Amino acid sequence: MKPITKEVYLKWYEDMQFWRKFEDKLAALYIQQKVRGFLHLYNGQEAVLAGALHAMDLSKDKMITAYRNHVQPIGMGTDPKRVMAELLGKVTGTSKGMGGSMHIFDKEHGFYGGHGIVGAQIPVGAGIAFADKYFGRDGVTLTYFGDGAARQGSLHEAFNMAMLWKLPVVFIVENNGYAMGTSVERTANHTDVWKLGLGYEMPCGPVDGMNPVKVAEAMHEAIDRARRGDGPTFLEMKTYRYRGHSMSDAQLYRTKEEVEEYKKIDPITQVLDIIKAEGFATEAEIETIDQRVVDLVAECEKFAEESPFPTVEQLYDVVYEEPNYPFLPHKL
């Protein structure tokens, strides 16, 4: 695995801090009704992404996830201004304002969505991995889903085929404790979701999803296994979300005390504590990083606010693709 150096810790801190503040701004814009529909935030789960990115080869590896999907493409290289513009429904967004919060997509940077149907991305992720194997592209696909989606039948079909064909895919369940408002203890007679892999003799196990080092180590092993042709791995990232399932969630199913307990092991705080303990940065340097984050979030907001909404004509431009359909001219 690539060494976890001072530079890595500083990058983790800046990245996770930015992802957190970026989504805090989205929450504020949602309250102002500038972000419409649903808004599912990642606050608390940032270590899962930070650790995975350290283990990935972004020149060929891919990622697919559910609708809690704003910061993943940013981590993979998408311009965060375009992500915020998409959330505001602007034409400068990643899908020209037509995808919105739940459907961020950037094929150029290997991010295959944001999927709104629970569990739908699991077989699709296996399919992307199949394509890589078929065409000999040496890429690995990271397929993320929540603990609620682990109860979907499509998971078992995808697991079976992935093992049968030794597909280069890593399945990751981000177990944040709740499927919407339903505790994981109430969705099955077992709470160790990773054990679902045992039925397929798939390498599997739990990971501390609040610690980017632990995530990076587990992801490196899984990605290395997939890349050398030994097939998939199933990892259960034990993590936690501080905000509700979505912005419309009243969170009546848990206490404020529970949330505060998890904040004691916040991934950003863990990384910052190591930076300070090891002397990787002075207080002034940390303040500089924090200011860079604030400035970039403001830049993203300004870009999104000032961008135009799509025109009505765009609705027609993206529907018909057949070259022999003469009734609508194509612009996109």
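Look up: the structure comes first, before these words.
As the structure is a computational prediction, the values presented were derived from the model and not from experiment.

K.L.:
Describe the overall build of the protein chain, listing the residues and the values that go with them.
P.N.:
Each helix and strand in the protein chain was counted, giving 11 helices and 7 strands. The C-alpha atoms of the protein chain give 20 Å as radius of gyration, which agrees with the globular expectation for 332 residues (20 Å, within 12%). Overall, the protein chain is about 60 × 55 × 40 Å in size when its C-alpha atoms are taken along their principal axes. Looking at the 332 residues of the protein chain, the share that counts as buried comes to 50%. Once local pairs closer than 6 in sequence are excluded, the contacts in the protein chain between residues at least 24 apart make up 73%.

K.L.:
Break down the nonpolar core for me, with residues and values.
P.N.:
With 63 residues, the main nonpolar core has W12, W19, L142, M219 and I275 as its most contacted residues. Residues in contact with W19, not counting those within four places in the same chain, are E46, L49, A50, L53, V71, I74 and G75. In terms of nonpolar packing, the next biggest core, distinct from the first, is built from 20 residues, A129, A150, V169 and F171 among them.

K.L.:
Lay out helix α9 (residues 267-278) with the relevant residues and their values.
P.N.:
With 12 residues, α9 ought to run about 16 Å at 1.5 Å a step, and its terminal C-alpha atoms sit 17 Å apart, in line with that. All buried positions along α9 are accounted for by P267, I268, V271, L272 and I275. The arc that holds every buried residue of α9, seen down its axis, measures 130°, which confines them to one face. Each element contacted by the buried residues of α9 is listed here: α1 (6-31), α2 (46-55), α7 (212-227) and α10 (283-306). Two or three places before I268, at the opening of α9, D266 has a side-chain oxygen 2.8 Å from that residue's backbone nitrogen. The positive-phi residue at the C-terminal boundary of α9 is G279, with phi of around 70°.

K.L.:
Help me get a handle on the pairing of strand β2 (residues 141-146), residues and values and all.
P.N.:
Taking burial as the measure, the 6 residues of β2 include 5 buried ones, the bulk of the element. Two elements, strand β1 (residues 62-64) and β2, share 3 bridges in a ladder whose sense is parallel. Of the residues in β2, the one forming a bridge with I64 is T143. In this structure, β2 lies alongside strand β3 (residues 169-175), joined through 6 bridges in parallel fashion. What sits directly across from T143, in β3, is F171. In this region the chain leaves β2, passes through helix α6 (residues 153-164) and returns to the parallel neighbour β3; the handedness of that crossover is right-handed.

K.L.:
Tell me about helix α4 (residues 80-87), residues and numbers included.
P.N.:
With 7 of 8 residues buried, α4 lies mostly within the body of the structure. For α4, the complete set of buried residues consists of P80, K81, V83, M84, A85, E86 and L87. Buried residues along α4 sit against α1, α3 (71-76) and α10. Two or three places before K81, at the start of α4, stands the capping residue D79, its side-chain oxygen 2.9 Å from that residue's backbone nitrogen. Residue G89 follows α4 closely and has a positive phi angle near 75°.

K.L.:
Break down the packing of aromatic side chains for me, with residues and values.
P.N.:
Counted by the stated rule, this structure contains 14 aromatic pairs. The interplanar angle of 85° and the centroid separation of 5.6 Å between the aromatic rings of Y9 and W12 together place this pair among those described as edge-to-face. Placement of both Y9 and W12 in helix α1 is noted, with a separation of 3 residues, approximately one turn of the helix. Each member of the pair, Y9 as well as W12, is classed as buried. Ring geometry for Y240 versus Y242: centroids 6.5 Å apart, planes at 50°, classification tilted. Assessed through its relative accessible area of 1%, Y240 is described here as buried.

K.L.:
Before we move on, can you summarise the environment of L53 with the specific residues and values?
P.N.:
Positionally, L53 belongs in helix α2. Given a relative accessible area of 14%, L53 falls into the buried group. Taking the C-alpha atoms as reference points, L53 and Q72, 19 residues apart in sequence, are found 9.3 Å from one another. Those residues within four positions of L53 in sequence are excluded, and the remaining contacts are K2, W19, L58, G75 and M76.

K.L.:
Give a description of the sheet that holds strand β6 (residues 204-208) that names residues and reports values.
P.N.:
Taken in spatial order, the 5 strands of this open sheet run β1-β2-β3-β7-β6, and their pairing is parallel. Every other strand in the sheet has two partners, leaving β1 and β6 as the edge strands with one partner each. Adjacent strand axes in the sheet meet at a mean angle of 25°, parallel and antiparallel pairs treated alike. One ladder, built from 6 bridges, connects β3 with strand β7 (residues 233-238); its direction is parallel. Across the sheet, F171 pairs through a bridge with F234, a residue of β7. Packed on one face of the sheet, α2 meets β1, β2, β3 and β7 and runs near 170° to β2. Each of β2, β3, β6 and β7 touches α7; the most contacted strand, β7, lies at about 170° to it.

What counts, and where the lines are drawn
- Residues numbered from 1 in each chain as written.
- Predicted model: local features only at pLDDT ≥ 70, side-chain atom pairs only at ≥ 80, totals over all residues.
- Heavy atoms only, no water.
- Helix = DSSP H or I, 4+ residues; strand = E, 2+ residues; numbered from the N terminus.
- Rg over C-alpha atoms; globule rule 2.2 N^0.38 Å.
- Buried < 20%, exposed > 50% of the residue type's maximum accessible area, 1.4 Å probe, protein only.
- Contact = heavy atoms within 4.5 Å.
- Core = buried A, V, L, I, M, F, W, Y, C linked by side-chain atoms within 4.5 Å.
- Expected span 1.5 Å × (residues − 1).
- Arc of directions from axis to C-beta.
- Polar contact = N/O pair within 3.5 Å; in protein donor to acceptor, adjacent residues only side chain to side chain.
- Pairing = 2+ DSSP bridges.
- Right-handed = clockwise from strand over helix to strand, strands pointing away.
- Phe/Tyr/Trp six-rings, centres within 6.5 Å; stacked < 30°, edge-to-face > 60°.
- Axes fitted to C-alpha atoms, helices over the stretch in contact; angles between N-to-C directions.

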